[in-house]
Amino acid sequence: MRKNKLFLTLFVSLLMLSSAAWSDDAEDNYKNYCWQCHGMTGDGMGLNVQDMSVQPRDHTSAKAMGGRSDADLFKVIKEGGLAIDKSVLMPPWRDSLSDDEIHGLVKYLRKLCQCG
Amino acid sequence: MRYLFLFVALTVANAAVASEGMVILQKRCVSCHEISGPAAQSVQELWQRKGPDLFYAGSKYNAEWLKKWLVKPRRIRPAGHHPIQHIQPGKKRDMVDTTTLRPHPALSPSDAEEVTEALMKLKASAEMMGTAVFKGGSISASFGEMVFDKFNGCMACHEIEPGYGGLSGPEVYTAAKRYQADYLVSFITDPQAWNPKTPMPNKHVSAANIQKIVQYLQALAKENWDEKK
């Protein structure tokens, strides 16, 4: 019986995997897309920053992040830096992330900066 | 006895169906590379793939480059296939722990020939390719760099010469040597069509500027980087 249940769970997960749009949790998304520039600890000192002309925002700083509303953060993640008159170096993520996943990242950023 | 003979005959027939290159791929490559697809559908699944997908190799690589690289592979991604598995926080930025990067297995020239032939038969679907193609033409390296770096911010993640540029993506100064021009146009137009969970964003570069970027990558690839390194 137990085995059957395990098998069923496996089967259902496989089914879910095979259907295209998979929603990842915010921490995985932050690691996969944002770490490259914003850094493993979110402090803005990522792998890529050495030759970047504008430095990525420090997501752990309440001062740098506190003035932004959730709607502001949602917009810059979805549409990129240019959409809010900031650097082209902050990419738009609307093709990588669903709206739900972006909302998840906004919450995650609030945890990092402990603000809002 | 008779059955044994039949068994041997069947096995031989089977081997004839699978090309020699395919046999090598199955034996020595599939532990790290996906050769039948599809692309990873979740971030976790992506991180479990030890090497880049090869199931559309025939629409991606230049056969001449493949043959040479498989005999004498050198690093393409300065921070490994999944940088998050090879970095640690440093004083000024996250640093690559190069001791965790392993050299790529090498093949003999004749095996590389067979494997290249088998790989070039693996074609991408029409949905992946899209409709955009490279239209030819050339551009000065300095104007190309403006389009790549200033206007579109691509250098944030890509080195445009050894030691200059971002580290999370593959080096692009050899990209046009490795990849077919139509693939480059297609991938930059819609990276998620090739790999839904790729860390490369779609930057919505205009169609005209994508042509310029590929011209620029071709100009970069003409330099003899091996000598300069």
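About the cut-offs
Residues numbered from 1 in each chain as written. Chains lettered and ligands numbered in written order. Predicted model: local features only at pLDDT ≥ 70, side-chain atom pairs only at ≥ 80, totals over all residues. Heavy atoms only, no water. Helix = DSSP H or I, 4+ residues; strand = E, 2+ residues; numbered from the N terminus. Buried < 20%, exposed > 50% of the residue type's maximum accessible area, 1.4 Å probe, protein only. Contact = heavy atoms within 4.5 Å. Phe/Tyr/Trp six-rings, centres within 6.5 Å; stacked < 30°, edge-to-face > 60°. Polar contact = N/O pair within 3.5 Å; in protein donor to acceptor, adjacent residues only side chain to side chain. Salt bridge = Lys/Arg side-chain N within 4 Å of Asp/Glu carboxyl O. Nonpolar A, V, L, I, M, F, W, Y, C, P; charged D, E, K, R; others polar. Axes fitted to C-alpha atoms, helices over the stretch in contact; angles between N-to-C directions. Parallel < 35°, antiparallel > 145°, perpendicular 65-115°, else oblique. Left-handed = near helix turned anticlockwise from the far one by under 90°. 1 Å grid on protein atoms, 1.4 Å probe; cavity = no way out; pocket = protein on both sides within 12 Å on 5 of 7 lines; lining within 4 Å. Points joined across faces, edges and corners; volume = space filled by probe spheres on them.

## A look at the overall build of chain B
When its secondary structure is counted, chain B shows 13 helices and 4 strands. Expressed as lengths along the three principal axes of its C-alpha atoms, the size of chain B is roughly 75 × 45 × 40 Å. For chain B, buried positions account for 47% of its 229 residues. At a minimum sequence separation of 6, the contacts of chain B that also span at least 24 residues come to 65%.

## Thoughts on the packing of aromatic side chains
As enumerated under the stated definition, the model contains 12 aromatic pairs over all chains in all. Ring centres of Y30 of chain A and Y108 of chain A lie 5.2 Å apart, and the angle between their planes is 45°; this geometry places the pair in the tilted category. Note that Y30 of chain A is positioned in helix α2 (residues 26–38) and Y108 of chain A in helix α5 (residues 99–113), a separation of 78 residues in sequence. The same class applies to Y30 of chain A as to Y108 of chain A, namely buried. Three or more aromatic residues joined by ring pairs make a cluster, and in this case those are F55, Y56, Y61, W65, W69, Y179, Y183, F187 and W194 of chain B.

## Section: the side chain of N202 of chain B
Considering the arrangement of structural elements, one finds N202 of chain B in the loop between α11 (191–194) and α12 (207–221). A distance of 3.1 Å separates the side chain of N202 of chain B from the backbone oxygen of T189 of chain B, its partner in a polar contact. Here the side chain of N202 of chain B touches H204 of chain B through a polar contact of 2.8 Å, landing on its backbone nitrogen. When residues no more than four places from it in sequence are discounted, the contact partners of N202 of chain B are P92 and D95 of chain A together with I188, T189, D190, P191 and Q192 of chain B.

## A word on the interface of chain A and chain B
It is common to report an interface's size as the accessible area lost on association of the parts. Between chain A and chain B, the contact holds 30 residues from the first and 40 residues from the second. Between D24 of chain A and K197 of chain B there is a salt bridge, with the nearest N and O atoms lying 2.8 Å from each other. A per-element tally of the side of chain A that touches chain B places α2 of chain A first, with 7 residues. Within the side of chain A that touches chain B, the residues separate by chemical class into 15 nonpolar, 8 polar and 7 charged.

## Re helix α10 (residues 181–189) of chain B
Structural remark: α-helix, 3.6 residues per turn; residues separated by three or four positions point the same way. Residues and elements named next belong to chain B. Judged by how many residues are buried, α10 sits mostly within the fold: 7 of 9 residues are covered. Inspection of α10 places A181, Y183, L184, V185, S186, F187 and I188 among the buried residues, and these make up the whole buried set. Next to the buried residues of α10 lie α4 (57–60), α7 (126–129), α9 (175–178), α11 and α12.

## Remarks on the pattern of salt bridges
Residues and elements named next belong to chain B. Counted according to the given criterion, the structure contains 10 salt bridges over all chains. Residue R49 is joined to E45 by a salt bridge in which the shortest nitrogen-to-oxygen separation is 3.0 Å. Here R49 falls in the buried class, since its relative accessible area comes to 13%.

## Observations regarding the packing of helix α5 (residues 63–71) of chain B against helix α6 (residues 109–119) of chain B
Residue and element names in this part refer to chain B. Remark: α5 packs on α6, axes separated minimally by 9 Å, with the N-to-C direction vectors making an angle of 140°. One way to sum up the angle between α5 and α6 is to call them oblique. Note on packing geometry: the crossing formed by α5 with α6 is right-handed. Residue-level contacts link A63, L66, K67, L70 and V71 of α5 to P109, A112, E113, V115, T116 and L119 of α6. Among the residues forming the contact of α5 with α6, the class breakdown is 8 nonpolar, 1 polar and 2 charged.

## A look at the layout of surface pockets
In this structure, the largest pocket occupies an estimated 960 Å³ of space. If you trace the largest pocket, you find 38 residues lining it, with H33, K50, P52, W69 and H104 of chain B closest to the centre. Secondary structure elements with two or more residues in the lining of the largest pocket: α2 (20–28), α5 and α6 of chain B. A total of 4 residues in the lining of the largest pocket trace back to one element, the largest contributor, which is α5 of chain B. The computed volume of the second largest pocket comes to approximately 520 Å³. Lining the second largest pocket are 27 residues; nearest its centre among them are H38, R57, H59, V76 and M90 of chain A. Looking at the lining of the second largest pocket, the elements that each hand over two or more residues are α2, α4 (70–79) and α5 of chain A. It is α2 of chain A that provides the largest number of residues to the lining of the second largest pocket, a total of 5 residues. Here the residues of the lining of the second largest pocket sort into 18 nonpolar, 5 polar and 4 charged.

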